[in-house]
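Residues per chain, in single letters:
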Amino acid sequence: MLLEVDGLRYAYGERLAVQGVSFEVAPGEVFGLLGPNGAGKTTTILCLAGVFRRWEGEIRWEGEPFRPAERVGDRARLGWVPQELALYEGLSGRENLEFFGRLQGLRGTALAEAVDRALGLAGLADRARDRVRSWSGGMKRRLNIAIGDLHRPGLLLCDEPTVGVDPQSRNHIFDRLQTLKNEGRALLYTTHYMEEAQRLCDRVGIIHEGRIIACGTARELAAAAGDPDADLEQVFLHLTGRHLRDEG
Amino acid sequence: MIRAAWILAAKDLRLFFRDRTALLFAFLLPVAIVLAFGFIMSGVFGEQGSMGRVSLLLVDRDGREASTGLTDALERTGMVRLRLRPGGRPWTVEEARRQVEDGEAHHALVIEEGFAEALVSGELPPLRLIRDPGRAMEDRIVRAALLQAMMELTQGGLWVPVMRRSLADLGMDPEGIETVTRFLRGIQETLGAFLGARRAEGAAGGAEEAPGGGGSFLEGDFLALVPVEMEDHAPPDRPKEATFMLIHNIAGMGVMMLMFGLAAAGRTLLEERDQGTLRRLLLSRAPRESVLLGKFFSTFLTGLVQLAVVFVVGEMVFRVDLFRDPLTLGVLVLSTCLAVTAFGLLLGTWCRTTRQADGLGTLLILVMSALGGAWMPLGQFALPPAVELASKCTLTYWAVGGIESHLWNSQGLDHPVIQTAILVQLAFAVAASLLARSLFHRRFLSG
Ligand SMILES: Nc1ncnc2c1ncn2[C@@H]1O[C@H](COP(=O)(O)OP(=O)(O)O)[C@@H](O)[C@H]1O
Ligand SMILES: [Mg+2]
């Protein structure tokens, strides 16, 4: 296994946001965390990415203990695409990529190549010299992903990368993630849109109130829900008695 | 229309009064500024609330009762505070000179030998003023006080010897001067009799009598008539065009604007947190402390450029040779930038929101500028000890004081005043940086 998460728990003060999340991501796999708003997806991602250090449970990378908050080497294996845009609006797209690339240790021609490639893949090459402030929301989202993937990490953590995006940009983002998948890169993808999970993910973990309540391929989940033709929306309804789009 | 406006206004007020930070600074800031200013102004302008007392060193070489008469009269003017040496012994001329040269004192009055005799004989009494030229405001106050005191001491008779000297300066022969003197003495006696009668009348009628009434009508250009020999001490390399207020304002405003600039730079730490980029930085390969160190560098460099611009433009406009000792100025600028950078970062790590940082930053900068003498040149007034202590507890005091002492008194790196200013600022820089670092760990890296 590339990544194993076992009994992950995290509390904001008194409030338990993640209470015993376990799942695995295999090499080259796209694993989806599907759940309504407030289910604990972002919190899980932040523990994995190394933003939080006070989580409990176990995380392993290729069988070894994984401590991204403490170890630079561990963090560098990951790419993080935050749910909220995290860009310097006063810099151009290229400058943003160059800056974060340098912080990831890229330099010289390697940096230039990585930046050009990222701009091309994101379809941002012709606006690369403009300040990000002047870009559309969809373009910013694509840059947000490009920055997370710039150093070609072993596993890309994508936290709801399509939230608030127009359909056209959404398709673009989808194509981009599909390319990653075809390259054999591993992806951990969170969303509250079940169509996205169904379309993109090899396996899906359904998360609800801080717990994984079901995990498997779409087909396995449907079978477990007692109806082989059920989609993920129906699975979720069967498991929780609620609709996915209900606020958590 | 009006109803809708009221609904909108009520919403604004509700939001405003719920925002504790905004509330705190809307009311705390003005109160703190008023208090700080009130505190400093009561220190400067004293109880009477009219004019600040200027501190004046006294060297009494005559040492007779007449000297005491003069010093009492000077104190009664309410314009100067005589400074004796701790222990009460008077200063020597040499000490007074050194104090003026060091910028510790700005004016020293020497009562020369023969002062008492001259008063009796109606000659011009020998007085000397050792002073730092260019401190125009203090100079006028000291000389006005001196004129008023001398007029009081001689009961208005002073102007006869003053006139004699003026006529001699104009080249009148001694005989002519004697004629005029006899004439003047006649006027003086007549006038004295008249004023004496008036005074008695006034006393009988219960009317108030201003002290030193004989001389109080002499103002303005009459100050030039003050019967005193001037002895100016200024550092030889200080340009004649430099006035103290100019140097003071360059230092004071420069430091205050630097603080505003670097508080804004320190605040970007909170901005980056809010816009999410801080997390990206913390998740990169860069060591986490380098994020804070990077802010330190950028803030510090911003400060250096800012001060450099102030001095270069100041020099281009005023031409007062600000760069005559670039090494000392450079070290002062470096230590001030280090200290103010640490202040900015402390603000950015201490505060929880950008609004809080703005409010607290403005509050601290304005209060420190008022207390530390960035606006009012506090050094020229005799301050009560409590005010002086409060002043010395501000970063502004040392930052402005260091630059001012260097540019005005031409004190270099070998001078204790400059060394102290540098050391205090460096100590603050180290302490505040360490505190900012520990806050950074606690507030930004744990979770
Ligand atoms: N900074 C925070 N402080 C306190 N509670 C939080 C914080 N962030 C998230 N939560 C709570 O933790 C739970 C999980 O949130 P989150 O992980 O953001 O869910 P999701 O990403 O699935 O929408 C929610 O109930 C949310 O209200
Ligand atoms: Mg989320």
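Residues numbered from 1 in each chain as written. Chains lettered and ligands numbered in written order. Predicted model: local features only at pLDDT ≥ 70, side-chain atom pairs only at ≥ 80, totals over all residues. Heavy atoms only, no water.

S.K.: Tell me what's going on with the overall build of chain A, and back it up with residues and numbers.
M.R.: Within chain A, the regular secondary structure consists of 9 helices and 10 strands. Its C-alpha radius of gyration of 18 Å places chain A within 12% of the 18 Å reference for a compact globule of 248 residues. For the C-alpha atoms alone, the extent of chain A along its principal axes is close to 55 × 40 × 35 Å. Burial statistics for chain A: of 248 residues in total, 54% are counted as buried. For chain A, restricting intrachain contacts to residue pairs at least 6 apart in sequence, the fraction spanning at least 24 positions comes to 66%. If the 32 positive side-chain charges of chain A are averaged to one point and the 36 negative ones to another, these points end up 6 Å apart. (Helix = DSSP H or I, 4+ residues; strand = E, 2+ residues; numbered from the N terminus. Rg over C-alpha atoms; globule rule 2.2 N^0.38 Å. Buried < 20%, exposed > 50% of the residue type's maximum accessible area, 1.4 Å probe, protein only. Contact = heavy atoms within 4.5 Å. Lys, Arg positive; Asp, Glu negative; His and termini not counted. Charge placed at Lys NZ, Arg CZ, Asp CG, Glu CD.)

S.K.: Can you break down helix H7 (residues 159-170) of chain B residue by residue, with the values?
M.R.: Residue and element names in this part refer to chain B. For H7, spanning 12 residues, the distance from its first C-alpha to its last is 16 Å, which sits close to the expected 16 Å at 1.5 Å a residue. For H7, the complete set of buried residues consists of Val 160, Pro 161, Val 162 and Leu 167. In the segment just after H7, Gly 171 is the residue with positive phi, at about 100°. (Expected span 1.5 Å × (residues − 1).)

S.K.: Can you tell me about the coordination of the magnesium ion (ligand 2), naming the residues and giving the values?
M.R.: All names here are of chain A. Taken together, the protein donors to the magnesium ion (ligand 2) comprise Thr 42 (OG1) and Gln 83 (OE1), at separations of 2.0 to 2.1 Å. Taken together, the positions of Thr 42 in helix H1 (residues 41-49) and Gln 83 in the loop between strand E6 (78-81) and helix H3 (93-103) put the pair 41 residues apart, joining distant regions of the chain. For Gln 83, a relative accessible area of 22% gives the class partly exposed. (Donors = N, O, S within 2.8 Å, 3.2 Å for Na, K, Ca; no water.)

S.K.: Please provide a residue-by-residue account of the site of ligand 1, values included.
M.R.: All names here are of chain A. By nearness alone, every residue bordering ligand 1 is listed as Tyr 12, Arg 15, Ala 17, Pro 36, Asn 37, Gly 38, Ala 39, Gly 40, Lys 41, Thr 42 and Thr 43. Here Arg 15 contributes a side-chain N or O atom positioned 2.9 Å from an oxygen atom of ligand 1. Gly 40 places a polar main-chain atom, nitrogen or oxygen, 3.0 Å from an oxygen atom of ligand 1. Surface burial for ligand 1 is 63%, taken as the share of its 560 Å² of free accessible area covered by protein chains. Elements represented by at least two residues in the shell around ligand 1 include exactly strand E2 (15-25) and H1. A total of 3 residues in the shell around ligand 1 trace back to one element, the largest contributor, which is H1. Among the residues forming the shell around ligand 1, the class breakdown is 4 nonpolar, 5 polar and 2 charged. (Near = heavy atom within 4 Å. Polar contact = N/O pair within 3.5 Å; in protein donor to acceptor, adjacent residues only side chain to side chain. Areas by Shrake-Rupley, 256 points an atom, 1.4 Å probe, with all protein chains shown as cover. Nonpolar A, V, L, I, M, F, W, Y, C, P; charged D, E, K, R; others polar.)

S.K.: Kindly report on the sheet that holds strand E2 (residues 80-83) of chain B, identifying the contributing residues and their values.
M.R.: Residue and element names in this part refer to chain B. Taken together, 5 strands build an open sheet; the order of strands is E2-E1-E3-E4-E5 and the sheet is mixed. Strand pairing shows two members of the sheet lacking a second neighbour, E2 and strand E5 (229-232), which therefore form its edges. With direction set aside, neighbouring strand axes in the sheet form an average angle of 30°. Note: strand E1 (residues 54-60) against strand E3 (residues 107-111), 4 bridges, orientation parallel. Paired with Leu 57 across the two strands is Ala 108, which belongs to E3. Along the sheet, helix H3 (residues 65-76) makes contact with E1, E2, E3 and strand E4 (127-131), crossing E2 at roughly 140°. (Pairing = 2+ DSSP bridges. Axes fitted to C-alpha atoms, helices over the stretch in contact; angles between N-to-C directions.)

S.K.: Provide a residue-level description of the interface of chain A and chain B, including the pertinent values.
M.R.: At the junction of the two partners, chain A supplies 28 residues and chain B supplies 16 residues. Summing both partners gives a buried area of about 1,900 Å² for chain A against chain B, and 54% of it is carried by carbon and sulfur. Here chain A and chain B share 0 salt bridges between them. Connecting chain A to chain B are 11 residue pairs in polar contact (both at pLDDT 80 or more). Going through the elements one at a time, H1, helix H2 (72-76), E6, H3 and helix H5 (137-149) of chain A are the ones with two or more residues in the side of chain A that touches chain B. Along the lines of polarity and charge, the residues of the side of chain A that touches chain B split into 20 nonpolar, 5 polar and 3 charged. (Buried area = accessible area lost by both parts, 1.4 Å probe. Salt bridge = Lys/Arg side-chain N within 4 Å of Asp/Glu carboxyl O.)

S.K.: So, a nonpolar patch on the surface: which residues are in play, and what are the values?
M.R.: Residue and element names in this part refer to chain B. Together, Val 305, Val 309, Val 312, Val 313, Met 316, Val 317, Phe 318 and Phe 323 make up a nonpolar patch on the protein surface, roughly 700 Å² of accessible area in all. Tracing the backbone shows Val 309 in helix H11 (residues 288-318). On the basis of relative accessible area, Val 309 is assigned to the partly exposed category, the value being 45%. (Patch = residues over 30% accessible without salt bridge, like charges linked within 9 Å, V, L, I, M, F, W, Y side chains within 5 Å.)

S.K.: Got a sec to walk through the sheet that holds E2(A)? Specific residues and values, please.
M.R.: All names here are of chain A. Sheet architecture is open: 4 strands sit in the order E2-E1-E4-E5, paired in antiparallel fashion. With partners counted over all chains shown, the strands left at the sheet margins are E2 and strand E5 (64-65), one partner each. Two strands pair when backbone bridges link them, and strand E1 (residues 3-12) and strand E4 (residues 56-61) are joined in this way by 5 bridges, in the antiparallel orientation. Pairing of Leu 3 across the sheet is with Trp 61, part of E4. Along the sheet, H1 makes contact with E1, E2 and E4, crossing E1 at roughly 115°.

S.K.: Kindly report on empty space enclosed by the protein, identifying the contributing residues and their values.
M.R.: Counted according to the given criterion, the structure contains 3 cavities of 30 Å³ or more. Around the largest cavity sit 16 residues that line it, and A:Trp80, A:Gln104, A:His151, B:Arg280 and B:Leu283 are the ones nearest its centre. (1 Å grid on protein atoms, 1.4 Å probe; cavity = no way out; pocket = protein on both sides within 12 Å on 5 of 7 lines; lining within 4 Å. Points joined across faces, edges and corners; volume = space filled by probe spheres on them.)

S.K.: Pulling in residues and values, what's your account of the packing of aromatic side chains?
M.R.: Residues and elements named next belong to chain A. A complete count under the given rule lists 11 aromatic pairs over all chains for this structure. Seen from their ring centres, Tyr 88 and Phe 99 are 5.5 Å apart, and the 85° between their planes marks the pair as edge-to-face. With a gap of 11 residues between them, Tyr 88 in the loop between E6 and H3 and Phe 99 in helix H3 connect regions that are remote in the sequence. For Tyr 88, a relative accessible area of 12% puts it in the buried group. We classify Phe 99 as partly exposed; its relative accessible area is 28%. In textbook terms, an aromatic cluster arises when at least three aromatic residues are bridged by ring pairs, as seen for Tyr 10, Tyr 12 and Phe 52. (Phe/Tyr/Trp six-rings, centres within 6.5 Å; stacked < 30°, edge-to-face > 60°.)

S.K.: Describe the domain arrangement of chain B, naming the residues involved and giving the relevant values.
M.R.: Residue and element names in this part refer to chain B. For chain B, the assigned domains read domain 1 (21-43 + 240-445) and domain 2 (54-232). For domain 1 and domain 2, the distance between their C-alpha centres works out to 44 Å. Between domain 1 and domain 2, the residue contacts involve 11 residues of the former and 14 residues of the latter. Buried surface at the junction of domain 1 and domain 2, both sides included, amounts to about 960 Å², of which 52% is carbon and sulfur. In this assembly, domain 1 and domain 2 are joined by 0 salt bridges. Here the residues of the side of domain 1 that touches domain 2 sort into 5 nonpolar, 6 polar and no charged. (Domains from an automatic or database assignment.)

S.K.: Which residues make up the pairing of E4(A), and what are the values?
M.R.: Relative to E5(A), E4(A) runs antiparallel, the two being bridged by 2 bridges. Paired with A:Trp61 across the strands is A:Glu64, a residue of E5(A).

S.K.: Which residues make up the pairing of strand E8 (residues 186-191) of chain A, and what are the values?
M.R.: Residue and element names in this part refer to chain A. Most of E8 sits out of view: 6 of its 6 residues are buried. Taken together, the 5 bridges between strand E7 (residues 155-159) and E8 define a ladder with parallel strand orientation. Following the sheet pairing, Cys 158 is matched in E8 by Tyr 189. Between the parallel elements E7 and E8, the chain passes through helix H6 (residues 167-182) in a crossover that is right-handed. (Right-handed = clockwise from strand over helix to strand, strands pointing away.)

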